[in-house]
Protein chains: 2
Amino acid sequence: MLTQTMIHRSSSRHPAGHHAHPVPAVNSHSFGTSIELMGAPMPFARNAEIYGENEPAEYLYKVVSGSIRTYKVLNDGRRQIGAFYLPGDVFGLEVGDEHTFSAEAIVNSKVLVIKRSALVNLAARDNETARKLWTMTAGELQRVQAHILLLIKTAQERVAGFLLEMSARVPMGNEIDLPMSRQDIADYLGLTIETVSRTLTQLENTAAIAVPSSRRIVLRNRAALNRLNA
Amino acid sequence: MLTQTMIHRSSSRHPAGHHAHPVPAVNSHSFGTSIELMGAPMPFARNAEIYGENEPAEYLYKVVSGSIRTYKVLNDGRRQIGAFYLPGDVFGLEVGDEHTFSAEAIVNSKVLVIKRSALVNLAARDNETARKLWTMTAGELQRVQAHILLLIKTAQERVAGFLLEMSARVPMGNEIDLPMSRQDIADYLGLTIETVSRTLTQLENTAAIAVPSSRRIVLRNRAALNRLNA
DNA sequence: TCCTCCGATTGACCTGAATCAACGGCGCCG
DNA sequence: CGGCGCCGTTGATTCAGGTCAATCGGAGGA
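### Side note on the relation of the copies chain B and chain A
Next up, step 1: Mapping chain B onto chain A leaves a residual RMSD of 0.0 Å; the transformation is a rotation of 180 degrees accompanied by 0.0 Å of translation along its axis. The superposition of one copy onto the other is thereby described by a two-fold rotation axis.
Next up, step 2: Here 100% of the interface residues in chain B have copies in chain A that are interface residues too; the copies meet face to matching face.

Printed below as a string of structure tokens:
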């Protein structure tokens, strides 16, 4: 039955209240068409909800610092994480009127908040912006397709793929500093926390990785990991 | 090891040769900006390749009749089907320059072939077209996200979800005429052909469905299926 | 009509990951 | 500085689905 996180043992979520939607800073200068310059940076505390599934998609977001997870909770309580977003990544971009996933800060994070309507209006006039919106959506699509390929593999292959993905996104050489818990990783990979843990130890025993501290992973043998990534 | 289709037992694939790309009909009238009116309908035989992974994405396609599968083959030979496309569906739309999946006709099919460059050029001038391209990509994104949610479920839930999805897309009441084989279904759901077969029999035994012939399925108890779909 | 072939089904058995449970380590707070 | 709670690891056992193998059944061809 693949049980992953059972939401919720009434943990202290939602410190920011149900609706954490900010009002974009009034005095944000109009810097022309650059997406990055629209909207206001906003802090979200660890585990704070940024938006909920089925809420109106009034804003989209760009990570300035920290990391974000998007997820969906199934009827039986299982949680599936759709994506992790790191500094520079844009999330919450929808074409429909509602968010299809929920979003939470994994650690204390700063997020640039951009009004969707402004961007969509701009796109109607400026085809550079229109193209950018399209490209970003297509990028999401590719990510999700890669995610599907992960989900049909064995536990080892999933974990190896995950580590390589993270490593590629945080170009810090062979050392990765994971912002997320084992539970987050498990819910992203469709595994249990125990299997993730065991698999990491296995990879460590075969000298493919080192795990100096639980959130820090050293890729010691990329060839081996790539072989698993198939 | 989740072995699914092992490509290839030298089956008679690719009857159309490696490159089946057509030249759009010369005399296609210029009917303005409507996407549907651009390009030429083209027949593809059962199991014919329409395009291959990593080929330049010169065209996009709209199913007129028949059905199409897109897929990727992993290094170890496993095949993952990314999507099934039915009449009216558009596939092969990429933002990057290359197709990320391969596409084949499941049965003899007719497909409208549309030159991508024409459409992209048009989108640069006509923001109605631009919006349509964006919307179609976003639709794909939602489909793939739903697919992910299927892949983390149990066999029963996957098969039930698949049947409901197909039923919603072919609004023929409670009767579905599947164009694809059990192997195709298995590779779409990340299961084996045996498990798909067994699961269908189970669903039949619990009176959730009927299977008058192997390609024809009757949804006899949607409530039960929806309960599984969770 | 019968034969052949191929897709689908069914059965017996095996295995990888889930489940259930205990324990370890570390940071935080009193 | 000592206890407590959370997160992660490890162990024992179970079970869903994979693997291997035999059989079934319907469509096409001689």
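### Concerning the packing of helix 1 (residues 116-125) of chain A against helix 2 (residues 127-151) of chain A
Residues and elements named next belong to chain A.
Next up, step 1: Relative orientation of the contacting elements helix 1 and helix 2 amounts to 120 degrees, with a least axis distance of 6 Å. With respect to helix 2, the axis of helix 1 lies oblique. Contacts from Leu119, Leu122 and Ala123 of helix 1 reach helix 2 at Thr129, Ala130 and Leu133.
Next up, step 2: Here the residues of the contact of helix 1 with helix 2 are counted per class, giving five nonpolar, one polar and no charged.

### Let's talk about the sheet that holds strand 4 (residues 68-73) of chain B
All names here are of chain B.
Next up, step 1: Pairing within the open sheet is antiparallel, and its four strands lie in the order 2-7-4-5. Edge positions in the sheet fall to strand 2 (49-51) and strand 5 (79-85), since each has one partner strand and no second. Going from strand to strand, the sheet's axes swing by 30 degrees on average, the running direction of each strand aside.
Next up, step 2: Looking at chain direction, strand 4 and strand 5 are connected through six bridges and run antiparallel. Considered in strand 5, the bridge of Val73 is made with Arg79.

### Considerations on the sheet that holds strand 8 (residues 109-115) of chain A
Through backbone hydrogen bonds, the strands of a sheet pair up, either in parallel or in antiparallel fashion.
Residues and elements named next belong to chain A.
Next up, step 1: Across the sheet, four strands lie side by side as 1-8-3-6; this open sheet has antiparallel pairing. Strand pairing shows two members of the sheet lacking a second neighbour, strand 1 (40-44) and strand 6 (90-91), which therefore form its edges.
Next up, step 2: On the sheet, helix 1 packs against strand 3 (59-65) and strand 8 and is oriented at approximately 50 degrees with respect to strand 8.

### Here we look at the pairing of strand 8 of chain A
Residues and elements named next belong to chain A.
Next up, step 1: In terms of burial, strand 8 is a largely internal element, five of the seven residues being buried.
Next up, step 2: Examined bridge by bridge, strand 1 and strand 8 share five bridges and lie antiparallel to one another. By the bridge assignment, Pro43 is partnered in strand 8 with Lys110.
Next up, step 3: In this structure, strand 3 lies alongside strand 8, joined through six bridges in antiparallel fashion. Paired with Val63 across the strands is Val111, a residue of strand 8.

### Here's the deal with the interface of chain B and chain A
Often, the extent of an interface is quoted as the loss of accessible area upon association of its parts.
Next up, step 1: Counting residues at the interface gives 31 residues for chain B, matched by 31 residues for chain A.
Next up, step 2: In terms of residue count, helix 2 (residues 127-151) of chain B provides more of the side of chain B that touches chain A than any other element does, 16 residues in total.
Next up, step 3: Partitioned by chemical class, the residues of the side of chain B that touches chain A number 16 nonpolar, 12 polar and three charged.

### Overview of the packing of helix 3 (residues 155-169) of chain B against helix 6 (residues 222-229) of chain B
Residue and element names in this part refer to chain B.
Next up, step 1: In contact at an axis separation of 8 Å, helix 3 and helix 6 are set at 125 degrees when each is read in the N-to-C sense. Comparing the axis directions of helix 3 and helix 6 gives the class oblique. Helix 6 is crossed by helix 3, and the crossing has left-handed handedness. When helix 3 is examined against helix 6, the residues Gln156, Glu157, Ala160, Gly161, Leu163 and Leu164 are found in contact with a partner set consisting of Leu225, Asn226, Leu228 and Asn229.
Next up, step 2: Its residues assigned to classes, the contact of helix 3 with helix 6 shows five nonpolar, four polar and one charged.

### Topic: the domain arrangement of chain A
All names here are of chain A.
Next up, step 1: Here chain A is described as being made up of domain 1 (35-150) and domain 2 (154-229).
Next up, step 2: Every contact between the two is made by 11 residues of domain 1 and, on the other side, 10 residues of domain 2.
Next up, step 3: Those elements that place two or more of their residues in the side of domain 1 that touches domain 2 are strand 4 (68-73) and strand 5 (79-85).
Next up, step 4: Considering each element in turn, the side of domain 1 that touches domain 2 owes the most residues, four residues, to strand 5.
Next up, step 5: Here the side of domain 1 that touches domain 2 is built from residues that sort into seven nonpolar, two polar and two charged.

### Quick notes on unusual backbone geometry
Residue and element names in this part refer to chain B.
Next up, step 1: The phi dihedral of Asn54 falls on the positive side, at around 75 degrees, and the residue is not glycine.
Next up, step 2: Along the chain, Asn54 turns up in the loop between strand 2 and strand 3 (59-65).
Next up, step 3: Judged by the 11 C-beta atoms lying within 10 Å of it, Asn54 falls in the exposed class.
Next up, step 4: Positive phi is not limited to glycine here, since Ala207 has a value of about 65 degrees.
Next up, step 5: Ala207 gets classed as exposed once you count the C-beta atoms within 10 Å, which come to 10.

Cut-offs applied
Residues numbered from 1 in each chain as written. Chains lettered and ligands numbered in written order. Predicted model: local features only at pLDDT ≥ 70, side-chain atom pairs only at ≥ 80, totals over all residues. Least-squares fit on C-alpha atoms with pLDDT ≥ 70 in both. Contact = placed C-beta atoms within 7 Å. Axes fitted to C-alpha atoms, helices over the stretch in contact; angles between N-to-C directions. Helix = DSSP H or I, 4+ residues; strand = E, 2+ residues; numbered from the N terminus. Parallel < 35°, antiparallel > 145°, perpendicular 65-115°, else oblique. Nonpolar A, V, L, I, M, F, W, Y, C, P; charged D, E, K, R; others polar. Pairing = 2+ DSSP bridges. Buried ≥ 20, exposed ≤ 12 C-beta atoms within 10 Å, placed from the backbone. Left-handed = near helix turned anticlockwise from the far one by under 90°. Domains from an automatic or database assignment.

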